[in-house]
Each structure stands twice: as C-alpha cells, then as structure tokens.
Amino acid sequence: QVQLVESGGGLVQAGGSLSLSCAASGRTVSRYVLGWFRQAPGKEREFVAAVTGSSAYTYYADSVKGRFTISRDNAKNTVYLQMSSLKLEDTAVYYCATAISARVERGDAYDYWGQGTQVTVSS
C-alpha cells in the first residue's frame, strides 16, 4: 500500500513564500512521475506541477510558472513544491500524487494521492 503524506501548508501573506513536502512510503517512487494538484473551495481539482523520476523534466501549470518550483529527492522518497510570490488565488488544498501515465496534467494519470495540506494566502 502506498502512502503519501503532505506537510508544510499554512497561512502566508500575499507575496510570501511557502514550501510543501510530500513523503512517500510503500513504493519506491524513483521510477514514477510525482505531481502536485490543488483544489480551492467550490472549484475542481487542478494540476499544479509534476516532475519525472530522474528529475530530467518538470511541468507546470501556466498559473504557477515562474513562481513555483517542483523538485524531488529520490533517496528520501520525497517531492517538494517551493512556492513564492504567492497570490490570493493560490489558496487551496494541495495534494501530491504518483503518476502511472504520461499525461501528467490529468488527474486520472495518478493512482495514489495524499490527504492534502491547506495553503491559505491572505491579503
């Protein structure tokens, strides 16, 4: 059984920074794409970023490009999301997940999901 546990969420002012972590257990994730999604109240879950197993490729939603950075440490089975220049619209629950398909921007490409961590950006 795969478990993904996110951490690092919290309250931050607009323009600030926050770093999320997601630790995986039950699977050696080095071969898998790891992704971050988010879901704001009343909105559908949306893709944020993904990184391939070797970190050779990263993918970002247009809304976070240039502000967010995804990275991973396969030795620690952990993926990170460094968020900067945060905006009010970044407020959401952030989820990490492991992908089983190359369509990394699609939620159905992922098989295991974490429980989520709340990020709240205040004005």
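These remarks concern the structure in this document. (Residues numbered from 1 in each chain as written. Predicted model: local features only at pLDDT ≥ 70, side-chain atom pairs only at ≥ 80, totals over all residues. Heavy atoms only, no water.)

What follows is about the overall build of the protein. Helix and strand content of the protein: zero helices and 11 strands. Reading the protein from its N end, one meets helices and strands in the order β-β-β-β-β-β-β-β-β-β-β. Principal-axis analysis of the C-alpha atoms places the extent of the protein at approximately 40 × 25 × 25 Å. Within the span of the protein, comprising 123 residues, buried residues form 46% of the whole. For the protein, restricting intrachain contacts to residue pairs at least 6 apart in sequence, the fraction spanning at least 24 positions comes to 56%. Entry remark: accessible area of the protein is about 6300 Å², with carbon and sulfur atoms responsible for 46%. Put simply, the protein has 12 plus and 10 minus side-chain charges, and the middle of one group is 4 Å from the middle of the other. (Helix = DSSP H or I, 4+ residues; strand = E, 2+ residues; numbered from the N terminus. Buried < 20%, exposed > 50% of the residue type's maximum accessible area, 1.4 Å probe, protein only. Contact = heavy atoms within 4.5 Å. Areas by Shrake-Rupley, 256 points an atom, 1.4 Å probe, with all protein chains shown as cover. Lys, Arg positive; Asp, Glu negative; His and termini not counted. Charge placed at Lys NZ, Arg CZ, Asp CG, Glu CD.)

Counting residues in each nonpolar core, the largest one holds 37 residues, and the members touching the most others are Trp36, Leu81, Met83, Tyr94 and Tyr110. For this core, the secondary-structure elements that each account for two or more residues are strand 3 (18–25), strand 4 (34–39), strand 5 (46–51), strand 7 (68–73), strand 8 (78–83), strand 9 (92–99) and strand 11 (117–122). Once residues lying within four places of it in the same chain are set aside, the contact partners of tyrosine 94 are Glu6, Leu20, Trp36, Phe37, Arg38, Val48, Phe68, Leu81, Met83, Gly116, Thr117 and Val119. (Core = buried A, V, L, I, M, F, W, Y, C linked by side-chain atoms within 4.5 Å.)

The subject of this paragraph is the pairing of strand 5. Among the six residues of strand 5, five are classified as buried, and the element is accordingly described as predominantly covered. What sits between the antiparallel neighbours strand 4 and strand 5 is a turn of six residues, in which glycine 42 has the positive phi angle 75°. As paired elements, strand 5 and strand 6 (residues 58–60) share three bridges and run antiparallel to each other. Of the residues in strand 6, the one forming a bridge with valine 51 is threonine 58. Hairpin connection of strand 5 to strand 6: six residues between the antiparallel strands, including serine 55 at a positive phi of 65°. (Pairing = 2+ DSSP bridges.)

Time to look at the pattern of salt bridges. For the structure on display, the rule yields five salt bridges. Here arginine 38 and glutamate 46 are joined by a salt bridge, their closest N and O atoms 2.5 Å apart. Between arginine 67 and aspartate 90 there is a salt bridge, with the nearest N and O atoms lying 2.7 Å from each other. Taken together, the positions of arginine 67 in the loop between strand 6 and strand 7 and aspartate 90 in the loop between strand 8 and strand 9 put the pair 23 residues apart, joining distant regions of the chain. According to the relative accessible area criterion, arginine 67 is buried, its value standing at 10%. Residue aspartate 90 is classed as buried on the basis of its relative accessible area of 0%. Several salt bridges converge on common partners, so that one network encompasses Arg38, Glu46, Arg67 and Asp90. (Salt bridge = Lys/Arg side-chain N within 4 Å of Asp/Glu carboxyl O.)

Here we come to the state of the cysteines. Enumeration according to the criterion identifies one disulfide in this entry. Across the disulfide, cysteine 22 is cross-linked to cysteine 96 (sulfur-sulfur distance 1.8 Å). The sign of the S-S torsion, about 45°, decides the handedness of the disulfide formed by cysteine 22 and cysteine 96: right-handed. Of this pair, cysteine 22 sits in strand 3 while cysteine 96 sits in strand 9, and the two are 74 residues apart along the sequence. (Disulfide = S-S within 2.5 Å.)

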